[in-house]
Amino acid sequence: MAVCHIEFYSEKLEMKTRINVILPEHVDKNGQVLLLLHGLGDDENTWLEQTRIVSYASKSNTTIIMPRVDRSYYTSIIGGPSYFEYISQEILQRCQDWFNISNKKNETFVAGISMGGFGALKTGLTNPTMFKQIFVMSAMPDIIENWRDNSKRDKWYRSLFGTPEQVQQSINDIAYLVAKQDDTAPEIWQLCGRNDPFYNMNVSLDQQIRKRGLKHQFVEVAGGHEWSVWDKAIKQVLHIIGEN
């Protein structure tokens, strides 16, 4: 296997950016592909630094793509870089061209933690023909509630999302995206620690998904918003993907 560190010019971002890619020993055109998203305050290196993902990946045939989106919330910033289009349109196409990996829905997955969990839900649910399954770990799935609970973020959130009213029934409203899905939607695998500050949001998300009747599993574990939880979780995720 190989770990690749790549710097390139993104057409969607209109600037240079970086990604890390874990490649299996023998890249298979029909092998699985995982787009793995980072959380707030992290970058493309954090999964490599904080977990044993390289060891776990060595036992799989999955290509793992870890992009960098800074503090964007996987959202195209008003007057700034188009992070959502970068994640949802450009990065997989780039890696398909560079590494000859699969572009088939049944072999493509998206996952993320915290802010990246929001990004994984947003990306997967707005592009249901691209992804077989969405994995969300300790996700922050409700922008409006988080905005209301963190008034100090008001200026920053307005730079990302406009107003709370503009979030409602938009691609940044996860409950709205869930309600729009049909039986072609990606399956959703959701994990959260019982001591996680986003636990109640995840319980609400679980209820929304169940109400819609989507393919779904909610795994509750001990622990909080921490890497000891996510290290175990990413091992589970790669195992599940490997069984597909």
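See the structure above.
Residues numbered from 1 in each chain as written. Predicted model: local features only at pLDDT ≥ 70, side-chain atom pairs only at ≥ 80, totals over all residues. Heavy atoms only, no water.

**Some words on helix 3 (residues 83-99)**
Then comes step 1: Over its 17 residues, helix 3 runs 22 Å from end to end, which matches the ideal 24 Å to within 8%, given 1.5 Å per residue.
Then comes step 2: The axis of helix 3 is deflected most strongly, by about 40 degrees, at E90.
Then comes step 3: With 12 of 17 residues buried, helix 3 is to be regarded as a mostly interior element.
Then comes step 4: Those residues of helix 3 not exposed but buried are Y83, F84, Y86, I87, S88, E90, I91, L92, R94, C95, Q96 and F99. (Helix = DSSP H or I, 4+ residues; strand = E, 2+ residues; numbered from the N terminus. Expected span 1.5 Å × (residues − 1). Bend = angle between axes of the 7 residues up to and from the residue. Buried < 20%, exposed > 50% of the residue type's maximum accessible area, 1.4 Å probe, protein only.)

**Quick word on the environment of K104**
Then comes step 1: Relative to the assigned elements, K104 resides in the loop between helix 3 and strand 5 (108-113).
Then comes step 2: In sequence terms K104 and K132 are 28 residues apart; their C-alpha atoms lie 8.9 Å from each other.

**Considerations on empty space enclosed by the protein**
Then comes step 1: By the definition in use, this model includes 1 cavity of 30 Å³ or more.
Then comes step 2: The computed volume of the largest cavity comes to approximately 40 Å³.
Then comes step 3: Residues that form the lining of the largest cavity fall into these classes: 4 nonpolar, 5 polar and 1 charged. (1 Å grid on protein atoms, 1.4 Å probe; cavity = no way out; pocket = protein on both sides within 12 Å on 5 of 7 lines; lining within 4 Å. Points joined across faces, edges and corners; volume = space filled by probe spheres on them. Nonpolar A, V, L, I, M, F, W, Y, C, P; charged D, E, K, R; others polar.)

**Things to note about the pairing of strand 6 (residues 133-137)**
Then comes step 1: In terms of residue burial, strand 6 counts as a mostly covered element, since 5 of its 5 residues are buried.
Then comes step 2: Here strand 6 shows no split at all, with Q133, F135 and M137 on one side and I134 and V136 on the other all buried.
Then comes step 3: Relative to strand 6, strand 5 runs parallel, the two sharing 5 bridges. Following the sheet pairing, G112 is matched in strand 6 by V136.
Then comes step 4: Note on the crossover from strand 5 through helix 4 (residues 115-126) to strand 6: the handedness is right-handed.
Then comes step 5: As judged from the 5 bridges shared by strand 6 and strand 7 (residues 187-193), these two strands associate in the parallel manner. Paired with I134 across the strands is I188, a residue of strand 7. (Pairing = 2+ DSSP bridges. Right-handed = clockwise from strand over helix to strand, strands pointing away.)

**Some points on unusual backbone geometry**
Then comes step 1: Phi is positive for S114, close to 55 degrees, though the residue is something other than glycine.
Then comes step 2: Topologically, S114 is positioned in the loop between strand 5 and helix 4.
Then comes step 3: Its identity as a non-glycine residue notwithstanding, Q169 has a phi of 55 degrees, on the positive side.
Then comes step 4: Looking at the secondary structure, you find Q169 in the loop between helix 7 (164-167) and helix 8 (174-180).

**A word on the sheet that holds strand 5**
Then comes step 1: Reading across the sheet, the 8 strands line up as 1-2-4-3-5-6-7-8 and stay open at both edges, with mixed pairing between neighbours. Of all the strands in the sheet, just strand 1 (2-10) and strand 8 (216-221) have a single pairing partner and so form its edges. Strand-to-strand twist of the sheet, defined as the mean angle between neighbouring strand axes without regard to direction, takes the value 20 degrees.
Then comes step 2: Two strands pair when backbone bridges link them, and strand 3 (residues 33-37) and strand 4 (residues 63-67) are joined in this way by 3 bridges, in the parallel orientation. Bridge assignment links V33 to a residue of strand 4, and that residue is T63.
Then comes step 3: Against the sheet, helix 3 engages strand 1, strand 2 (15-23), strand 3, strand 4 and strand 5, with an angle of about 125 degrees to strand 1.
Then comes step 4: This element, helix 4, spans strand 3, strand 5, strand 6 and strand 7 of the sheet and lies at about 150 degrees to strand 5. (Axes fitted to C-alpha atoms, helices over the stretch in contact; angles between N-to-C directions. Contact = heavy atoms within 4.5 Å.)

**Observations regarding the pattern of salt bridges**
As a working rule, side chains carrying opposite charge can pair if their charged atoms are close by.
Then comes step 1: One pass over the structure, following the stated rule, counts 8 salt bridges.
Then comes step 2: In this structure, the salt-bridge partner of R68 is E44, at a minimum N-O distance of 3.5 Å. Remark: E44 occurs in the loop between strand 3 and helix 1 (46-50) and R68 occurs in the loop between strand 4 and helix 3; sequence separation between them is 24 residues.
Then comes step 3: Note on R68: relative accessible area 22%, which makes it partly exposed.
Then comes step 4: Classification of E44 by relative accessible area gives buried; the value is 3%.
Then comes step 5: With its nearest N and O atoms 3.0 Å apart, the salt bridge here joins R158 to D154. Here D154 and R158 lie together in helix 6 (residues 154-161), a separation of 4 residues that amounts to about one turn.
Then comes step 6: Within the structure, one salt-bridge network assembled from shared partners comprises R18, E44, R68 and D70. (Salt bridge = Lys/Arg side-chain N within 4 Å of Asp/Glu carboxyl O.)

Note that all results are geometric; they support no functional claim without further evidence.
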